[in-house]
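# Residue-level structural notes
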Amino acid sequence: MADIISWVATAATITAACMTASNLGARITGYGFVVFVIGSIAWLAVGLLNNQQALVWTNMVLTGLNAFGVWRWLG
C-alpha cells in the first residue's frame, strides 16, 4: 500500500512543481498548491506507514505551507 501511495505522492509533487513553476497565472499557481497539498498528504501517509518520523514532520509542515499557498492564490 505504501508503495502505491508513494507513486501518487511522486506524481502529485512533480505535477504541482510544474504547475507553480510555469507561471501561467494565479489560478494555475493556486491549483498547483492544491496538488501540492495532495502530494504532501500522500507523503505524510507514506511516512506514517513506514514509521519515518522525518518524512512525517516535514510533510506536516509542508501541508500547512501548501494550504497557505492555496489560500494565498485562490482565497
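What counts, and where the lines are drawn
- Residues numbered from 1 in each chain as written.
- Predicted model: local features only at pLDDT ≥ 70, side-chain atom pairs only at ≥ 80, totals over all residues.
- Heavy atoms only, no water.
- Phe/Tyr/Trp six-rings, centres within 6.5 Å; stacked < 30°, edge-to-face > 60°.
- Helix = DSSP H or I, 4+ residues; strand = E, 2+ residues; numbered from the N terminus.
- Buried < 20%, exposed > 50% of the residue type's maximum accessible area, 1.4 Å probe, protein only.
- Axes fitted to C-alpha atoms, helices over the stretch in contact; angles between N-to-C directions.
- Parallel < 35°, antiparallel > 145°, perpendicular 65-115°, else oblique.
- Left-handed = near helix turned anticlockwise from the far one by under 90°.
- Nonpolar A, V, L, I, M, F, W, Y, C, P; charged D, E, K, R; others polar.
- Contact = heavy atoms within 4.5 Å.

## A few points about the packing of aromatic side chains
The final tally for this structure, using the stated rule, is 2 aromatic pairs. Between the aromatic rings of Phe 33 and Phe 36, the centroid separation amounts to 6.1 Å while the plane-to-plane angle is 50 degrees, which identifies the pairing as tilted. Note that Phe 33 and Phe 36 are positioned in helix 2 (residues 26–49) at a spacing of 3 residues, about one turn of the helix. An identical accessibility class is assigned to Phe 33 and Phe 36; each is buried.

## Quick look at the packing of helix 1 (residues 2–21) against helix 2
Contact geometry for helix 1 and helix 2: axes closest at 8 Å, N-to-C directions at 155 degrees. Our classification of the angle between helix 1 and helix 2 gives roughly antiparallel. As helix 1 runs across helix 2, the sense of the crossing is left-handed. Of the residues that constitute the contact of helix 1 with helix 2, the class distribution is 18 nonpolar, 8 polar and no charged.

## Regarding the side chain of Thr 29
Checked against the element boundaries, Thr 29 lands in helix 2. Beyond its immediate stretch of four places on either side in the chain, Thr 29 contacts Met 19, Thr 20 and Trp 73.

## Thoughts on the environment of Leu 44
Mapped onto the elements of the fold, Leu 44 is located in helix 2. For Leu 44, a relative accessible area of 18% gives the class buried. Counting along the chain gives 34 residues from Leu 44 to Thr 10, while the straight-line C-alpha distance between them is 12 Å. Beyond its immediate sequence surroundings of up to four residues, Leu 44 is in contact with Val 56, Asn 59 and Met 60.

Remember, this is a structural readout, not a statement about activity or role.
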